[in-house]
There are 2 protein chains.
Amino acid sequence: MPASSTLRDRRRLQTGREIQSATLRLALREGFEAITTEMIAAEAGVSLRTFFNYYANKEAALVGRRPEIDPGIIGWFEIASGPLMDDLFEALSRHLDDGHLNRETIRLISTLLERSPELVPIFHASLQKLACQIVSLVTSRLGETARPEAELLAELLSHALGHAIRSWSQSDDMSESEITRLARQHVEKVGALIGYGGEAPSR
Amino acid sequence: MPASSTLRDRRRLQTGREIQSATLRLALREGFEAITTEMIAAEAGVSLRTFFNYYANKEAALVGRRPEIDPGIIGWFEIASGPLMDDLFEALSRHLDDGHLNRETIRLISTLLERSPELVPIFHASLQKLACQIVSLVTSRLGETARPEAELLAELLSHALGHAIRSWSQSDDMSESEITRLARQHVEKVGALIGYGGEAPSR
DNA sequence: CATATATTTGCATGGCATGCAATGTTTGCT
DNA sequence: AGCAAACATTGCATGCCATGCAAATATATG
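The shown structure was predicted, so the numbers you read here are calculated from the model rather than taken from an experiment. In this convention, every chain numbers its residues from 1, walking through the sequence in written order. Chains and ligands are labelled sequentially in the order written, the chains with letters from A and the ligands with numbers from 1. With the structure being a predicted model, the display of local features is reserved for residues of pLDDT at least 70 and the display and counting of side-chain atom pairs for 80 or more, all residues being used for whole-chain, interface and lining totals. For side-chain calculations, the full set of non-hydrogen atoms in the structure is used, while hydrogens and water are omitted.

Moving on: the protein's contact with DNA strand C. Taken together, 19 residues are adjacent to DNA strand C, and Arg 12 and Thr 50 of chain A together with Thr 6, Leu 7 and Arg 49 of chain B come closest. Taking all atoms of DNA strand C within 4 Å of the protein, the share assigned to sugar and phosphate is 63%. Contacts to DNA strand C include Arg 8 of chain B, whose side-chain N or O atom sits 2.9 Å from a base oxygen. Here a polar contact is recorded for every N or O atom pair within 3.5 Å, except that within protein the pair must consist of a potential hydrogen donor and a potential acceptor, and residues adjacent in sequence are included only if both atoms are side-chain atoms. In the environment of DNA strand C, a phosphate oxygen lies 3.0 Å from a nitrogen or oxygen atom belonging to the side chain of Arg 11 of chain B. Nearness is defined per residue: one heavy atom within 4 Å of the molecule or strand is enough.

Structure (structure tokens):
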């Protein structure tokens, strides 16, 4: 049974989402820089102090709370013995299948990012937690000696996933399960660029 | 002749460095969280207001001001016609050869990062400006359609460079010109992981 | 229902960051 | 050298950000 069985847990989740939603609504209406934490708290119907109980700052409220990769998935990965990339993307697929991704919310975020590109670094930073977990996965497979490469690979995968999720939010005819497929395509294109050169096209 | 010909420019550079140095000194002595912008300003011998004329916040002062890639290098890249990776790393080599890298400063930063891993994201964020410039280089070569891959590749390269620079600061017998060589090695290992699989070792 | 455990809230505090206008310094020109 | 324009530094005032603490409120458990 998930941790959301108790009323308290459900409310906490709900309030977190309500604050994020309020932040997105206000940011789209007034511009992110123009809004204050007090406004957000008022819009979400909580006290300022409660706002800070949920998020460390405005930026965090924009991104919302992203759950960690389920220990069950990590356990599966450590047992799996396929090619590294196959197992990694399978683990990411299962993670996304948890259903904690709200298309409408991501769509709002994407809209905001297009209107205010200076916010993009906030979202890049929010991928760091995922990247960190991917590093754990990769080093559990390749050993500590491969940590430098694991960190680079994790950076690559998390950003590819972020990009794919934004693509998914934009096109209604893309299923959730295609996110990792798209991410993998991009990663493999990068692999080709690294591996085979990519000479300048004749002009 | 560089832009540092005039006294004013030299002073601006000098003050910027002095503030960064003061920030590092204090952060190593007291811990980054424990110090205030007022302390930094006092230690650097400037007013608080001047501190904010140089850096937007404490974090930026820690990283210092990183110069952009010289337009001359960008021009060279756009004319070059070798394999993409060769030309990219050559451009990065030339950029680093500008000599704006102070080993002792980087060493202090590395020490600080080991003692306070929670600061690592600050440095990751500081690589974003470089990543952005790499995106420009890559799309100038491959065209706008390759932007998604260009962004991933840029992320990869900038992080690889960041890692290599930290390695360089730690070992006295590593020359500055070997930074890009090391970065490239790591990138190619990642390429191998992507391209050829990297099966789980038998246990 | 009673108790233990979480959560929300208000208040007080101190750091962060910016605009503005006054003052001081450098530059380039005559 | 002397002057005016451009630029840099500073103090002050202001308002937002973020946290600790303790009282009040809500939920869980038995």
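Picking up where we left off.
Turning to helix 9 (residues 128-142) of chain B, a few remarks are in order. Because an α-helix packs 3.6 residues into every turn, residues spaced three or four apart end up facing the same way. Relative to the 21 Å expected for 15 residues at 1.5 Å per residue, helix 9 of chain B spans 20 Å between its end C-alpha atoms, a close match to the ideal helical length. Pairs of residues are marked as contacts when any of their non-hydrogen atoms sit within 4.5 Å. For helices the rule is a DSSP run of H or I covering at least 4 residues; for strands it is a run of E covering at least 2, with both sets numbered from the N terminus onward. Tucked into the core, helix 9 of chain B has its buried residues touching helix 8 (120-126) of chain A together with helix 5 (71-79), helix 6 (84-96), helix 8 (120-126) and helix 10 (147-170) of chain B. A helix is expected to span 1.5 Å multiplied by its residue count minus one.

Moving on to the side chain of Lys 58 of chain B. Residue and element names in this part refer to chain B. By the secondary structure assignment, Lys 58 is in helix 4 (residues 58-63). Throughout, exposure labels follow a simple rule: accessible area from a 1.4 Å probe, protein chains only, divided by the maximum for the residue type, with under 20% read as buried, over 50% as exposed, and the rest as partly exposed. Neither His nor the chain termini are counted; the positive set is Lys and Arg, and the negative set is Asp and Glu. Between Lys or Arg on one side and Asp or Glu on the other, a salt bridge is scored when a side-chain nitrogen of the former is within 4 Å of a carboxyl oxygen of the latter. Buried charge Lys 58 goes without a salt bridge, the closest partner of opposite sign being Glu 33 at 4.5 Å. The contact partners of Lys 58, leaving out residues within four places of it in the chain, are Thr 23, Phe 32, Glu 33, Ile 35, Thr 37, Ile 40 and Phe 51.

With that settled, the discussion passes to the relation of the copies chain B and chain A. Rotating chain B by 180 degrees and translating it 0.0 Å along the rotation axis places it on chain A, where the RMSD comes to 0.0 Å. In short, the pair behaves as if placed about a two-fold rotation axis. Looking at the rotation axis and the C-alpha trace of chain B, the residue lying nearest is Gly 191 of chain B, at 2.6 Å. A residue counts toward the fit only if its pLDDT is at least 70 in both copies, and the copies are then superposed by least squares on the C-alpha atoms of those residues.

Turning next to the domain arrangement of chain A. Residues and elements named next belong to chain A. Partitioning chain A into domains gives domain 1 (3-63) and domain 2 (71-195). Here the limits of each domain have been adopted from an automatic or database domain assignment. The gap between the C-alpha centroids of domain 1 and domain 2 is 25 Å. Domain 1 puts eight residues into the contact, and the matching count from domain 2 is 10 residues. For the pair domain 1 and domain 2, the summed buried area comes to about 890 Å², and 83% of that belongs to carbon and sulfur atoms. Between domain 1 and domain 2 we count zero salt bridges in total. Our count for the domain 1 to domain 2 interface comes out at one residue pair in polar contact (both at pLDDT 80 or more). For the side of domain 1 that touches domain 2, the secondary-structure elements that each account for two or more residues are helix 1 (7-30) and helix 4 (58-63). With four residues, helix 1 is the largest single contributor of residues to the side of domain 1 that touches domain 2. The residue makeup of the side of domain 1 that touches domain 2, split by class, is six nonpolar, one polar and one charged. Accessible area, probed at 1.4 Å, shrinks when two parts are joined; the buried area is that loss added up over both. Residues are grouped as follows: Ala, Val, Leu, Ile, Met, Phe, Trp, Tyr, Cys and Pro are nonpolar; Asp, Glu, Lys and Arg are charged; all remaining types, including Gly, are polar.

Below, the discussion takes up the pattern of salt bridges. Residue and element names in this part refer to chain A. This structure, assessed with the given rule, holds 28 salt bridges over all chains. With a closest N to O distance of 2.5 Å, Glu 43 and Arg 25 form a salt bridge. Of this pair, Glu 43 sits in helix 2 (residues 37-44) while Arg 25 sits in helix 1, placing them 18 residues apart in sequence. The class for Glu 43 is partly exposed, based on a relative accessible area of 29%. By relative accessible area, Arg 25 is classed as partly exposed at 34%. For Arg 107, the salt bridge identified is with Glu 104, shortest N-O distance 3.3 Å. In this pair, Arg 107 and Glu 104 both sit in helix 7 (residues 103-115), three residues apart, roughly one turn of the helix. For Arg 107, a relative accessible area of 23% translates into the label partly exposed. Residue Glu 104 is classed as partly exposed on the basis of its relative accessible area, which comes to 42%. When salt bridges that share partners are traced, they join Glu 18, Arg 25, Arg 29, Glu 30 and Glu 43 into one network.

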